[in-house]
Amino acid sequence: MAAHADIAYGIVHDAIAALSFADCRAALGKGTGQWAPVQDAWELAHDEGLTANGRIANIVDAEGNPQQLVANPVKFDDDPADLVRAPRFAEHTDDVLRELGVDDDRLIGLKIAGAIT
């Protein structure tokens, strides 16, 4: 059977390639198996089902621009997705080091030495 796999692939490929996307959806919709069209990033971000179910989260990025991100796939009860922007490079370095007891003079010294930014 494997000897004819390339021929079988070609037959199936040609049959599917002759159909429009709407024809494929209609044909597959008649079956009982699981299937779904593959979505690109734009389609995924505008998927009505994902948006309605809270799987697309709205955030504001570091420049103040609104953005949409795919929310965490794990959802507990009806808790909304709570996403915040990622920090910029070294945005919290001073705060973290201060929490560890580093004073301002030492911070400046570390910056001058190139150890931190």
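Chemist: Tell me about the pattern of salt bridges, residues and numbers included.
Modeler: One pass over the full model with this rule turns up three salt bridges. Measuring nitrogen to oxygen at the nearest pair gives 2.9 Å for the salt bridge that ties lysine 111 to aspartate 94. On the criterion of sequence distance, the pair formed by lysine 111 in helix α6 (residues 104-112) and aspartate 94 in helix α5 (residues 93-99) is long-range, its members being 17 residues apart. On the basis of relative accessible area, lysine 111 is assigned to the partly exposed category, the value being 35%. Aspartate 94 gets classed as partly exposed once you look at its relative accessible area, which sits at 22%.

Chemist: Can you break down the side chain of arginine 55 residue by residue, with the values?
Modeler: Locating arginine 55 in the fold gives a position in the loop between α4 (48-52) and β1 (56-60). The class of arginine 55 is buried, set by a relative accessible area of 14%. Beyond its immediate stretch of four places on either side in the chain, arginine 55 contacts Leu50, Leu69, Val70, Ala71, Asn72, Pro73, Val74 and Lys75.

Cut-offs used in this document
- Residues numbered from 1 in each chain as written.
- Predicted model: local features only at pLDDT ≥ 70, side-chain atom pairs only at ≥ 80, totals over all residues.
- Heavy atoms only, no water.
- Salt bridge = Lys/Arg side-chain N within 4 Å of Asp/Glu carboxyl O.
- Helix = DSSP H or I, 4+ residues; strand = E, 2+ residues; numbered from the N terminus.
- Buried < 20%, exposed > 50% of the residue type's maximum accessible area, 1.4 Å probe, protein only.
- Contact = heavy atoms within 4.5 Å.

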